[in-house]
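Chain by chain, the residues run as shown.
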Amino acid sequence: MVHHPIDPWPRPKGNVLFINEPWLLDPTRLETETRKDVEELRAPEACEDNVRIYLPMDLNAKAILRRLDDVITRFGIATERNEFDFAQAVDQIIWQLEIYDRVRFLRNMPKDLNQPHGPDGLALAAAIIKRLEEIPDGGAELFPFELIDELRKDPKDYLEATPSNA
């Protein structure tokens, strides 16, 4: 009995982007392994029993905001006790924003190449800021305040400074 349908076609019709970053879907890899281990595990031959699968993940403004809303609902109030885990979950959303921004920018290349981000990415960053501002403060010291401050300064600068865009 097969519990998971397997699509026999290697690529679905339409535009598909393969991103070989397993930690994006499995944040536990960053918690339990050193950075060196993560780099080694990116190569499929790193583990003799490794089976790398690719799961589709839609990156659009609606899906990213839905995931952010889920994280905010799951954690509720930002407290000292949950701020690290809360921040880590929101960081995943920010990584999704970065990928979304780069792809949308490259697919819709603006005439002004001095602008490193597209209007879609900047609009999504503004929507994320708005949602982060609505997180109730239960005594958390750093999150979400530092992230909001960084994004508020200038979303363009923040997105450029993040490691995944390097």
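In case you missed it, the structure is sitting above this.
Worth saying up front: this structure is predicted, and the values here are computed from it rather than measured.

Caption draft 1: Just the overall build of the protein chain, in detail. When helices and strands are tallied, the protein chain shows seven helices and zero strands. Starting at the N terminus and walking to the C terminus, you meet the elements of the protein chain as α-α-α-α-α-α-α. Across the 166 residues in the protein chain, those meeting the buried criterion constitute 30%. Working note: accessible area of the protein chain is about 11,600 Å², and carbon and sulfur atoms make up 55% of it.

Caption draft 2: Just helix α5 (residues 119-133), in detail. Across its 15 residues, α5 extends 21 Å between first and last C-alpha, which sits within 8% of the 21 Å expected from 1.5 Å per residue. Within the sequence span of α5, burial applies to G121, L124, A125, A127, I128, I129 and L132.

Caption draft 3: Spatial organisation of unusual backbone geometry. Here the residue pair F143 and P144 is connected by a cis peptide bond, since its omega of 0 degrees sits within 30 degrees of zero. With respect to the helices and strands, the residue P144 is situated in the loop between α5 and α6 (145-153).

Caption draft 4: Looking closely at the nonpolar core. Counting 26 residues, the largest nonpolar core has F86, V90, I128, L132 and F143 as the members making the most contacts within it. Counting only elements with at least two residues in this core, the list comes to α3 (61-75), α4 (83-107), α5 and α6. The contact partners of I128, leaving out residues within four places of it in the chain, are I64, L65, L68, I93, I94, L97 and L151.

Calculation rules
Residues numbered from 1 in each chain as written. Predicted model: local features only at pLDDT ≥ 70, side-chain atom pairs only at ≥ 80, totals over all residues. Heavy atoms only, no water. Helix = DSSP H or I, 4+ residues; strand = E, 2+ residues; numbered from the N terminus. Buried < 20%, exposed > 50% of the residue type's maximum accessible area, 1.4 Å probe, protein only. Areas by Shrake-Rupley, 256 points an atom, 1.4 Å probe, with all protein chains shown as cover. Expected span 1.5 Å × (residues − 1). Core = buried A, V, L, I, M, F, W, Y, C linked by side-chain atoms within 4.5 Å. Contact = heavy atoms within 4.5 Å.

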